[in-house]
Structure formats: C-alpha cells, structure tokens
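Geometric and topological summary
Given next are the chains, with one letter for each unit.
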Amino acid sequence: MLNSPRNIVVGVSGGIAAYKACMLVRNLKEYGDDVRVVPTPNALKFVGAATFEALSGHPVSTEVFDAVDQVQHVRVGQEADLIVIAPATADLMARIVAGRADDLLTATILVATCPVVIAPAMHTEMWNNPAMVANVKTLRERGFVVLEPAHGRLTGKDSGPGRMLEPDQIADLARTALEGVDYSYSLKGLKVVISAGGTQENIDPVRFIGNRSSGRQGFALADIAAHRGADVTIVAGATEALETPPGANIVKVQSTREMEQAVYEAAQDADVVIMAAAVADFRPDSEAQSKLKKGTSDDSLSTIHLVENPDILVGLVEKRRSGELSETTTLVGFAAETGDDATTPLEYGRKKLQKKGCDLLMVNEVAGGRVFGESTNRGWLLGSDGSETVVEDGSKHLVAAQIMDAVEEFRV
Ligand code: CTP
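What you are looking at is a predicted structure, and each value in this text was computed from that prediction instead of being measured.

**A closer look at the overall build of the chain**
Scanning the chain from N- to C-terminus turns up 13 helices and 19 strands. For 412 residues, the compact-globule estimate of 2.2 N^0.38 gives 22 Å, and the chain sits close to it at 24 Å. With the C-alpha coordinates of the chain rotated into their principal frame, the extents come out at 80 × 50 × 45 Å. Out of the 412 residues in the chain, the part that is buried amounts to 53%. Nonlocal contacts in the chain, meaning residues at least 24 apart in sequence, comprise 68% of its contacts between residues at least 6 apart. Element-wise, carbon and sulfur atoms account for 49% of the exposed surface of the chain, whose accessible area totals about 18,900 Å². For the chain, the distance from the average position of its 40 positive side-chain charges to the average position of its 56 negative side-chain charges is 3 Å.

Structure follows, in structure tokens:
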C-alpha cells in the first residue's frame, strides 16, 4: 500500500500513558515506515530509552546537546513527514504554544513543517482548565491536529475526558493526517448519525441470522466526523470490539427493526445520516421462545420462513420527502456489491442510488472476501447529481475522510 517509507517521529512526554507509545511505535512501523522516538526527559521516567530504541531501531536522545555533531534538533524535524505526540501532557502542549525549544522534542516541533498530530493525556480538570482550552484552540488554529482525548478511567479513581486514545486509534488518525486529511473543525455544530455493523435476526434464543460486517467503516466515519467537531451518534449493531470515537454517543441495537427505531429517533434533529450498517433484509417470520431441536417432527429448523425487513434508508428518504425530517438532512448510503457475469459492482451501485433515492452512495466491491473485516476499503462515491468519484484503496479512515469531504461539499 505504501510507495516508499516515510519518516515518522513519535514524540513522547512524561505521563503514565507513555507505556502506550510502545504499541503506537509498533503499529506505525507495520506499514514499513521509518519511526524514530523523541521522548522528553520526563518520559524516560516512565519508559526506558532501551525500549524505544529496540522498538524503533534508532538511538534515542532527549536533549538538544546530545550528538551535537549531527545537529539533531534541526535535522529530525526537517526530515519528518509526520510527527505524532503521544502522550502529550499539559506541560508539553503549553511549551509548544509558547514556542519553547528547551528539549529535543520541542526543538524538533519548532523546526517541522509536516503535519503534527497531538494525542493529549491528562486529568479531566487539567483538560477543562481555561489555560488548556486556550492552548488547544491556539494549537488547532496553527494547524496542529489535536485529537480529542477519550472519556474513561484515568489513573486513580477519576473518570472523564482526558484519557489518551488507544494506540491503534492514534495510528489510524495519524496516517490520514500523513495523507493530507483535513482536521479543521468544519463540522462543528452539526449532528451526524452513523449506523455501523451488522444487524442480527433471532431464530431462537441461541441462533440468529447475521452477516460479516465488522463495523469498522462506520466507526472510522464516526472518528473522522468527531474530529471535525461534529456531534456524533453511532447506532451500532454487531461489531468487532472497536474503540468508541471520543465524545460519540453509542446506541446499541441488535435487529433491523431496533436499528430502524434508533436511527429514526436520532435522525430527527440530525444534519447528516450515514447508513454504513449492513442491515439484514429478512428476518424469520417468528422467533422461537425455546431452542429449536433437531429430529422433531415439525420443520421449524430445516425450513425457516423469512419476511422482509423495512428498508431504513428508503424510510429516511421518504421521511424527508414528507417533511418529517428536515429537507436539509443529507442522507448517505452504502452498497456492498459483488457484481456478477452480467453486471459490474459499479452498475449495481448506480441502480441502487436510483432505487434508494439518497444523496450520496458509497459503492464497495466486496467480492472475494474484500472489505468485510479488513482494514482497507475502496470503491466509488456516487452523487444524486450524477457525480462519480473513484475512491482509491486506502484505510477505512482515509475512505471515511473522503466520504465526509463529499458530504461537506454536497451541503455547500
Ligand atoms: N439498508 C437499509 N435497510 C435495509 C437494507 C439496507 O437501510 N433493510 C441500507 C444500508 O445500510 C446501505 C444501503 O441501504 O446504506 C444499501 O444496502 P445493501 O445491503 O447494499 O442493499 P439492499 O437494499 O439490501 O439491496 P440488495 O441486498 O438487494 O443488494
């Protein structure tokens, strides 16, 4: 997937989440990129230099005066294609705002012209402190990508916003910054509803009809939308164990009818609804209350009678047409297509856009096990205005960013 290895600098400052930086370095190296770690002196109180050296394959220095002959404080920043700071403490962020260059990491940041992604980690009180709020605002205005911290347990008993995102989430978002994805707060004030994962229809208390959707594409969309400032609600069916994007609300559902109800409720005041879920089109006409047994005289297990489920996306389009939803609500669908001898996935996609009547349709090619459960995706983005954009093979976050770009363009 990568053309040539890029130079990524992982900056680590002195917080307990420094141990998670080790996983981040491993993740970022997975695609063959060259990763160098620049810790602050305090970071080394949490994780030893030897760990970072072994993981990155590069020597580690913290001071401008280490290896002076190599002019590291200038060279590391100049050569970087991406800097990811994880964890970023309140102190480090304040020093970046002030333009300090009192250790190798801050000097590197001052020199760099590449994207800089900051993953904060601090106690909730510190994150909410007016000085911190002002620092985050300043950093974002200056083009730094300051990721939202997760809500959750912090060290000690407290819990709230401030926990560092998980290394995989940081890596996914950082890679999109490397590809030039925009993280300006362009969706601030908008409510975005995203359905994700597969719905399941019970046959009896132990069996169900389901599908292979992992929910990753929907969660990636939620991650991008949340980091562009949107108020995000995810209506999640069955998904892999995925991290909730920071600040997003999650409504868990199982069946298509539960998803229908949850999506319609959330859509009432939404600006954008994206149906990324793999919705079960059929359900058994009745759900047995006790486990169905083999070898019994009735045919209830060998012959399951199916009835059609409601089409949630078509329902949304009708609600908008009838005025139940605002006419400014943007409706986005997905189409998972294998194609067949007579029809290509793209042709099926075009027909589906017509049939569903939504504004945008992301057509995925799913033949041969592609897409479901994988970390990459590709396809075509079709618009109701006749536009057709090829979405190149890329991470689900990268695809999500292209879909959100198209949504924003559509709403102009
Ligand atoms: N969808 C929906 N409700 C359903 C089925 C699908 O809202 N009962 C939505 C999906 O979330 C997706 C889009 O419609 O955004 C297309 O889903 P897909 O499964 O590709 O299409 P179907 O309408 O089920 O058509 P088919 O299975 O015949 O290809």
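**A closer look at the site of the ligand**
Looking at the ligand, there are 15 residues lining it, with Met275, Ala277, Phe334, Lys352 and Lys356 nearest. With respect to the ligand, the backbone of proline 310 contributes an N or O atom lying 2.9 Å from a nitrogen atom. Contact distances for the ligand include 3.5 Å between a nitrogen atom and a side-chain N or O atom of aspartate 311. Mapped onto the shell around the ligand, the elements with two or more residues apiece are α11 (312-322), β16 (330-337) and α12 (345-356). Considering every element that reaches the shell around the ligand, the biggest residue donor is β16, with four residues. For the shell around the ligand, the per-class residue count stands at nine nonpolar, one polar and five charged.

**What to know about the domain arrangement of the chain**
Domain assignment breaks the chain into domain 1 (7-178) and domain 2 (191-411). For domain 1 and domain 2, the distance between their C-alpha centroids amounts to 35 Å. Counting from both sides, the interface comprises twelve residues of domain 1 and, opposite them, twelve residues of domain 2. A combined buried area of about 890 Å² lies between domain 1 and domain 2, and 66% of that area is made up of carbon and sulfur atoms. For the pair domain 1 and domain 2, the interface holds one residue pair in polar contact (both at pLDDT 80 or more).

**Quick word on the pairing of β16**
Among the eight residues in β16, seven count as buried, and that is most of the element. Examined bridge by bridge, strand β13 (residues 272-275) and β16 share four bridges and lie parallel to one another. Bridging across to β16, methionine 275 finds its partner in glycine 333. Of the strand pairs in this sheet, β16 and strand β17 (residues 360-365) are connected by six bridges, and their pairing is parallel. Residue glycine 333 lies in a different strand from β17, and its bridge partner there is leucine 361. In this fold, β16 hands off to α12, which returns the chain to β17; that crossover is right-handed.

**Looking at the pattern of salt bridges**
Under the counting rule described, the total for this entry stands at 22 salt bridges. Aspartate 405 is the partner of arginine 228 in a salt bridge, and the nearest nitrogen-oxygen pair spans 3.0 Å. Of this pair, arginine 228 sits in the loop between α9 (216-227) and β11 (231-236) while aspartate 405 sits in helix α13 (residues 396-411), and the two are 177 residues apart along the sequence. A relative accessible area of 1% means that arginine 228 is categorised as buried. The partly exposed category is assigned to aspartate 405, whose relative accessible area is 36%. Note that arginine 411 and aspartate 271 form a salt bridge whose closest N and O atoms lie 3.9 Å from each other. Taken together, the residues arginine 411 in helix α13 and aspartate 271 in the loop between α10 (256-267) and β13 connect sequence positions 140 residues apart.

**Let's talk about α10**
Relative to the 16 Å expected for twelve residues at 1.5 Å per residue, α10 spans 16 Å between its end C-alpha atoms, a close match to the ideal helical length. Thr256, Met259, Glu260, Ala262, Val263, Tyr264, Ala266 and Ala267 are the residues of α10 that are buried. Contacts from the buried residues of α10 go to β8 (191-196), β9 (201-202), β11, β12 (249-252), β13 and α11.

**Focus on the sheet that holds strand β5 (residues 145-146)**
Strand order in this open sheet of five strands is β2-β1-β3-β4-β5, and the pairing throughout is parallel. Single-partner strands in this sheet number two, and they are β2 (34-39) and β5. As paired elements, strand β3 (residues 82-88) and strand β4 (residues 116-120) share four bridges and run parallel to each other. Bridged to alanine 88 within β4 is proline 120.

**What about the side chain of aspartate 223?**
Among the secondary structure elements, aspartate 223 is positioned in helix α9. Within the structure, aspartate 223 has its side chain in polar contact with the side chain of histidine 397 (distance 2.9 Å). Residue contacts for aspartate 223: discarding those within four places in its chain leaves Gln169, Leu173, Pro245, Pro246 and His397.

**Section: the packing of aromatic side chains**
Under the criterion given, the structure shown has zero aromatic pairs. A cation over a ring is seen here: lysine 319 above tyrosine 264, with NZ or CZ 4.5 Å from the ring centre.

**Comments concerning the environment of glycine 315**
Examined against the element boundaries, glycine 315 turns out to sit in helix α11. Residues glycine 315 and isoleucine 224 lie 91 residues apart in sequence; the distance between their C-alpha atoms is 26 Å.

**Regarding unusual backbone geometry**
The omega torsion across alanine 86 and proline 87 is -5°, close enough to zero to call that bond cis. Tracing the backbone shows proline 87 in strand β3.

**With respect to the nonpolar core**
Core analysis: the largest hydrophobic core is formed by 69 residues, its most contacted members being Val84, Ile170, Leu221, Val232, Ile274 and Ile403. Here the element with the most residues in this core is α13; it accounts for eight residues. For this core, the domains that each give at least three residues are domain 1 (7-178) and domain 2 (191-411). When residues no more than four places from it in sequence are discounted, the contact partners of valine 84 are Ile8, Val9, Val10, Gly11, Leu24, Leu28, Val117, Ile170 and Ala174. One finds Val235, Val263, Ala266 and Trp380 within the second-largest nonpolar core, a separate group that totals 27 residues.

Reading guide: rules and limits
All residue numbers refer to positions counted from 1 along the written sequence of the respective chain. Under the rules for a predicted model, residues below a pLDDT of 70 receive no local features and side-chain atom pairs below 80 are neither given nor counted, while totals for whole chains, interfaces and linings still include all residues. For side-chain calculations, the full set of non-hydrogen atoms in the structure is used, while hydrogens and water are omitted. Secondary structure elements follow DSSP: runs of H or I of four or more residues count as helices, runs of E of two or more count as strands, with numbering from the N terminus. In this description the radius of gyration comes from C-alpha coordinates, and the expected globular size is given by 2.2 Å times residues to the power 0.38. Burial classes: relative accessible area under 20% of the type maximum marks a residue as buried, over 50% as exposed, and values in between as partly exposed (1.4 Å probe, protein chains only). We call two residues in contact when some of their heavy atoms are within 4.5 Å. Here the accessible surface of atoms and residues is derived via Shrake-Rupley with a 1.4 Å probe, and residues count as covered only by protein chains that are part of the display. None of His or the chain ends enter the tally, which takes Lys and Arg as positive and Asp and Glu as negative. Think of each charge as sitting on NZ of Lys, CZ of Arg, CG of Asp or CD of Glu. One heavy atom within 4 Å of a molecule or strand makes the whole residue count as near it. For the purposes of these results, a polar contact is taken to be a pair of N or O atoms within 3.5 Å, where, inside protein, one atom must be able to donate a hydrogen and its partner to accept one; residues adjacent in sequence count only when each atom of the pair is a side-chain atom. Each residue is assigned to one class: nonpolar for Ala, Val, Leu, Ile, Met, Phe, Trp, Tyr, Cys and Pro, charged for Asp, Glu, Lys and Arg, and polar for all the others, Gly among them. Boundary definitions for the domains trace back to an automatic or database domain assignment. As used here, buried area is the combined drop in accessible area, with a 1.4 Å probe, of two parts when they are placed together. Pairing between two strands is assigned when DSSP locates at least 2 bridges connecting them. Here, the term right-handed applies to a crossover whose path from the first strand over the helix to the second runs clockwise when the strands point away from the viewer. We count a salt bridge whenever a side-chain nitrogen from Lys or Arg sits within 4 Å of a carboxyl oxygen from Asp or Glu. How far a helix is expected to stretch is found by multiplying one less than its residue total by 1.5 Å. By convention, a stacked pair of Phe, Tyr or Trp rings (six-membered ring in the case of Trp) has centres within 6.5 Å and planes under 30 degrees apart, an edge-to-face pair has planes over 60 apart, and any other such pair is tilted. Note on geometry: a ring has a charge over it if NZ (lysine) or CZ (arginine) is within 6 Å of the ring centre and within 35 degrees of the ring normal. Take the buried Ala, Val, Leu, Ile, Met, Phe, Trp, Tyr and Cys residues and link them wherever side-chain atoms come within 4.5 Å; each set so joined is a nonpolar core.

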